[in-house]
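Inside the fold
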Amino acid sequence: MPVSHLALLMTVGIVSGIVNALAGGGSLLLFPALLAVGYSPLAANVTNSVAQCPGYLGFALGSRRELRGQQTRVLSTAGVAVAGSLAGSVLLLVLPATVFDAVVPALVALASLLLGAQPWLTRWIGEPEPGAPDRRAALLPAVFLGAVYGGYFGGALGVLLIAILALTARADLRRLNAVKGVLSLIISLVTVVVFALGAPVDWLAVALLAPATLVGGFIGAKLAGRLSAVTLRIAVVVVGLAVAAYLFFRS
């Protein structure tokens with residue numbers, strides 16, 4: 001791989017980890033970067049998914065203070081997150097690559113629009129009531145479906161998870177954002193195991209990107225709440241919609 005491609009992927013990997021922690025949707029930056037250096041959509045997706053895992057770890061480590069007192073919430077959702085991500089990642093492997101190539105433009109566009117609508121979703125949902133019990137009858141199935149999406153594609157997974165948690169759990173958004181980080185890490189770990197067994201992962205690219213997303217995720221966790229994510233969100237949405245249009249007309 002040319003040095004210019006390596007430099008591009010490392011830079012985008014760090015930025016992706018930061019964006020995941022601040023605004024969500026960082027994978028929508030790394031996915032087109034992998035396409036740009038010559039990967040097929042399927043190979044770019046699975047390599048992207050594996051490479052994002054250390055970034056989620058960095059975010060979870062940087063959010064330990066916000067996770068205090070939430071062990072019950074994390075443990076109750078972890079099992080369904082494992083089951084959902086296992087189902088989604090297995091679907092990706094057993095369905096023909098042509099199916100993924102056909103649906104990925106719509107998935108990228110959906111993820112980009114979801115990310116763009118995040119501020120309106122947050123205002124519509126409102127701040128959860130601290131101390132009230134979680135709506136587990138809705139929380140657990142919603143996390144399962146979100147994990148299926150994360151196992152199959154995963155773009156803007158964090159945005160989807162924080163919307164689910166804000167609608168069904170009862171804590172302030174800062175603390176729910178930390179839970180989102182743990183669930184994202186769990187979903188990512190499952191996809192790493194499944195994709196390692198049968199997906200076209202480029203492990204050289206992962207070896208380069210994994211430390212980059214780890215550093216970016218940790219930095220982003222420390223910057224969260226201090227740095228406005230509006231500009232980052234707009235940039236990611238624009239890039240995501242452009243990639244969706246490119247993939248649609250390319251197919």
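See the structure above.
Everything in this summary refers to the structure shown in the same document. (Residues numbered from 1 in each chain as written. Predicted model: local features only at pLDDT ≥ 70, side-chain atom pairs only at ≥ 80, totals over all residues. Heavy atoms only, no water.)

**Overview of the overall build of the chain**
Summing up its helical and strand segments, the chain has 12 helices and 0 strands in all. Traced from its N-terminal end to its C-terminal end, the chain shows the element sequence α-α-α-α-α-α-α-α-α-α-α-α. Every one of the 251 residues in the chain was classed for burial, and the buried ones make up 53%. Once local pairs closer than 6 in sequence are excluded, the contacts in the chain between residues at least 24 apart make up 84%. Surface accessibility of the chain: about 10,900 Å² in total, with carbon and sulfur atoms responsible for 72%. (Helix = DSSP H or I, 4+ residues; strand = E, 2+ residues; numbered from the N terminus. Buried < 20%, exposed > 50% of the residue type's maximum accessible area, 1.4 Å probe, protein only. Contact = heavy atoms within 4.5 Å. Areas by Shrake-Rupley, 256 points an atom, 1.4 Å probe, with all protein chains shown as cover.)

**Comments concerning the packing of helix H8 (residues 136–152) against helix H9 (residues 157–168)**
It is at 10 Å that the axes of H8 and H9 come closest, and there the two elements cross at 175 degrees. The orientation of H8 relative to H9 falls into the category roughly antiparallel. Contact with H8, carried on its side by Ala138, Leu139, Ala142, Val143, Gly146, Tyr149 and Gly150, involves Leu157, Leu160, Ile164, Leu165 and Thr168 of H9 and no other residues of that element. A class-by-class count of the residues in the contact of H8 with H9 yields 9 nonpolar, 3 polar and no charged. (Axes fitted to C-alpha atoms, helices over the stretch in contact; angles between N-to-C directions. Parallel < 35°, antiparallel > 145°, perpendicular 65-115°, else oblique. Nonpolar A, V, L, I, M, F, W, Y, C, P; charged D, E, K, R; others polar.)

**Some words on the packing of aromatic side chains**
If you walk through the whole model with that rule in mind, you get 4 aromatic pairs. On the basis of an interplanar angle of 85 degrees and a centroid distance of 6.0 Å, the ring pair of Phe31 and Phe153 is categorised as edge-to-face. Residue Phe31 is found in helix H2 (residues 27–36), and its partner Phe153 is found in the loop between H8 and H9; the two are separated by 122 residues along the sequence. One exposure class covers both Phe31 and Phe153, and it is buried. (Phe/Tyr/Trp six-rings, centres within 6.5 Å; stacked < 30°, edge-to-face > 60°.)

**Quick look at the pattern of salt bridges**
Scanning the model with the defined rule gives 1 salt bridge in all. Across the pair Glu66 and Arg65 runs a salt bridge whose closest N-O atoms are separated by 3.6 Å. On the accessibility criterion, Glu66 (12% relative accessible area) is buried. Taking relative accessible area as the criterion, Arg65 reaches 59% and is therefore assigned exposed. (Salt bridge = Lys/Arg side-chain N within 4 Å of Asp/Glu carboxyl O.)

Interpretation note: all reported values are geometric properties and have no functional meaning in isolation.
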